[in-house]
Amino acid sequence: MGFLRIILNQPGETLADGNFKNYLTDIAARRKENSIDWANFQNDLYKLPGVHKSILKKYEGSEMDLLESRKWLLLQLNQLNEKELDFSAIDWSGFELYENVHAKYIRNLQISNLRADRNDENDLKNMLYVQPREKYWTLEKRWLSIIREIKMEKYLFN
């Protein structure tokens, strides 16, 4: 998106084709709209009635949450159905930050007043690249809070 912003802020005559700027503006608008739709979908998907929230809060679900996070990642990346998933083929230690943050994020959507934001999916996907012994830098209170809550401060760049 940063690249698009640079191009969009250029005077029209510096671009080879004036339609190119319009095309990029359309792409940026559609991406924004899609990310808002995605956040709304997640908010609806994980919105639980109060009685279900209270039951879910009582049970520590870290193993179940991690399994769901892994399943979600593989389904998204591979467009597979659940019967085709093979968790043993992946060394999950390389995805420690992502899968733990994602699992806690989904759980928080279910049991707290947290609402998905349109940039959350991109932020989570960025965490896929953070390997053990690497650092993740963010100023967003949402991610800082979750990372500290799950005791993964070793990944935070201070």
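Details of the structure are given in the entry above.
Parameters at a glance
- Residues numbered from 1 in each chain as written.
- Predicted model: local features only at pLDDT ≥ 70, side-chain atom pairs only at ≥ 80, totals over all residues.
- Heavy atoms only, no water.
- Helix = DSSP H or I, 4+ residues; strand = E, 2+ residues; numbered from the N terminus.
- Buried < 20%, exposed > 50% of the residue type's maximum accessible area, 1.4 Å probe, protein only.
- Contact = heavy atoms within 4.5 Å.
- Salt bridge = Lys/Arg side-chain N within 4 Å of Asp/Glu carboxyl O.
- Lys, Arg positive; Asp, Glu negative; His and termini not counted.
- Polar contact = N/O pair within 3.5 Å; in protein donor to acceptor, adjacent residues only side chain to side chain.

Along the protein chain, the regular secondary structure elements total seven helices and zero strands. Listed by position from the N terminus, the elements making up the protein chain come as α-α-α-α-α-α-α. Counting every position in the protein chain, which comprises 158 residues, the buried fraction comes to 35%. A separation threshold of at least 6 residues defines the contact pool for the protein chain, and within that pool the share at least 24 residues apart is 59%.

The next subject is the side chain of Gln42. If you trace the backbone, Gln42 turns up in helix 2 (residues 18-45). Judged by relative accessible area, Gln42 falls into the buried class, the value being 3%.

Before going further, it helps to spend a moment on the pattern of salt bridges. This model, assessed by the stated rule, comprises seven salt bridges. Residue Glu96 is joined to Lys154 by a salt bridge in which the shortest nitrogen-to-oxygen separation is 3.3 Å. Of this pair, Glu96 sits in helix 5 (residues 96-111) while Lys154 is found in the segment after helix 7 (141-149), placing the two residues 58 residues apart along the sequence. Residues Glu149 and Lys104 are paired through a salt bridge, measuring 3.0 Å at the closest nitrogen-oxygen approach. With Glu149 in helix 7 and Lys104 in helix 5, this residue pair connects regions lying 45 residues apart in the sequence. Given the relative accessible area of 41%, Glu149 is considered partly exposed. For Lys104, a relative accessible area of 18% translates into the label buried.

Turning to the environment of Asn100, a few remarks are in order. In this structure, Asn100 sits in helix 5. Considering only alpha carbons, one finds Asn100 and Ile146, 46 residues apart in sequence, at a separation of 9.2 Å. Beyond its immediate stretch of four places on either side in the chain, Asn100 contacts Leu66, Ile150 and Met152.

This next bit is on the side chain of Glu121. Tracing the sequence through the fold places Glu121 in helix 6 (residues 120-127). For the buried residue Glu121, which engages in no salt bridge, the nearest side chain bearing the opposite charge is Lys125, 4.5 Å off. Separated by 3.1 Å, the side chains of Glu121 and Gln42 make a polar contact. When neighbours within four sequence positions are excluded, Glu121 is seen to be in contact with Trp38, Gln42, Trp72 and Gln76.

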